[in-house]
Every structure is written in structure tokens, then in C-alpha cells.
Amino acid sequence: MNDNLIQDILKYVSLTESDIATLSKYTEQIDYKKKEYVLKENSFCRNLFFVEKGCLRMYFINDKAVEQIVQFAIDGWWISDLKSFNNNTPSDYYIQTVENSRVTLINTDNLDQLLNELPKLINNSSKVYHHSN
């Protein structure tokens, strides 16, 4: 179960046991090995990633062919290319694990269905997955 995700959402909205079951139905937990990519440049970002355990980094390659890190995400943080996710456009970024990590993800289709089933998340969704700690 994605306990850290539940705790993060509870900061913004109350959830019943039924709500938690619904949330679990639309999320998926994946374990990634160190240095594994969850997103590559020019691919479409279809997921919001919540770090249950581990560390991920988001970066791009600049004009001098050097990695420019724009964000790290550790336990309890969200990471995603929201521009690509929201606009269905190719990403300018890579998202890669820094260490072995467990991530809960919500894909585009599941997010729409989740918000239809739990409309109380709609007004709080930007707070939930746009915040930074």
C-alpha cells in the first residue's frame, strides 16, 4: 500500500477507507533500480510520480552537452514533467532514479477517472502534486 502517498494527500483533504481503496485502484507502485529512467527526453510524460522511498532527479542536456539538474525528489515528494503531462507534448527532460526507489504513479487516464470518482480531490489536486517540500 502507498502509505506515504496517503499521508501526503491527507495533508490537504480527508479520506475515508473507501476513498483510500478508490485511490489504490488508480495508482500503481513500481520498484526501480538505481540509474533507471522513468522518463526520457522527447517521450511523452504520462505519469505523475510520487516517491515512496528513494530519490529521483529531473534534468535536461544543455547546449554544451552538460546535464542540468532542475529537481530532485526524495521520500514523500512528487516529480513529473507537468508541461508534457498536461499538454500531451514531448518532454524536454529526463527523470532518473539516483538510488533504488519505490514509486507510486498515476497515469493520465487513471487521474481523470480518479478525479471523477473522488471529486473532492479536484480542488486540491494542484496542491497535492504541485507542492514541493
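Before any of the text, the structure's been laid out above.
Calculation notes
- Residues numbered from 1 in each chain as written.
- Predicted model: local features only at pLDDT ≥ 70, side-chain atom pairs only at ≥ 80, totals over all residues.
- Heavy atoms only, no water.
- Buried < 20%, exposed > 50% of the residue type's maximum accessible area, 1.4 Å probe, protein only.
- Helix = DSSP H or I, 4+ residues; strand = E, 2+ residues; numbered from the N terminus.
- Arc of directions from axis to C-beta.
- Pairing = 2+ DSSP bridges.

Just give me the short version of helix 4 (residues 108–117), but keep the residues and values in it.
Owing to its 3.6 residues per turn, the α-helix brings residues three or four apart onto one side. Three or more residues of helix 4 are buried, namely Leu111, Leu114 and Leu115. Buried residues in helix 4, looked at end-on, bunch into an arc of 95 degrees, giving them a common side. Away from its buried face by more than 90 degrees, helix 4 exposes Asp109 and Asn116.

Before we move on, can you summarise the pairing of strand 8 (residues 101–107) with the specific residues and values?
Consecutive residues of a regular strand have side chains that alternate between opposite faces of the sheet. Within strand 8, five of the seven residues are buried, leaving the element largely enclosed by the surrounding structure. When strand 1 (residues 28–32) meets strand 8, the two strands line up antiparallel, connected through five bridges. The partner of isoleucine 30 across the bridge, within strand 8, is valine 103. Summarising the sheet, strand 3 (residues 47–53) and strand 8 pair through six bridges and their orientation is antiparallel. Among the inter-strand pairings, asparagine 47 is bridged to a residue of strand 8, identified as asparagine 107.

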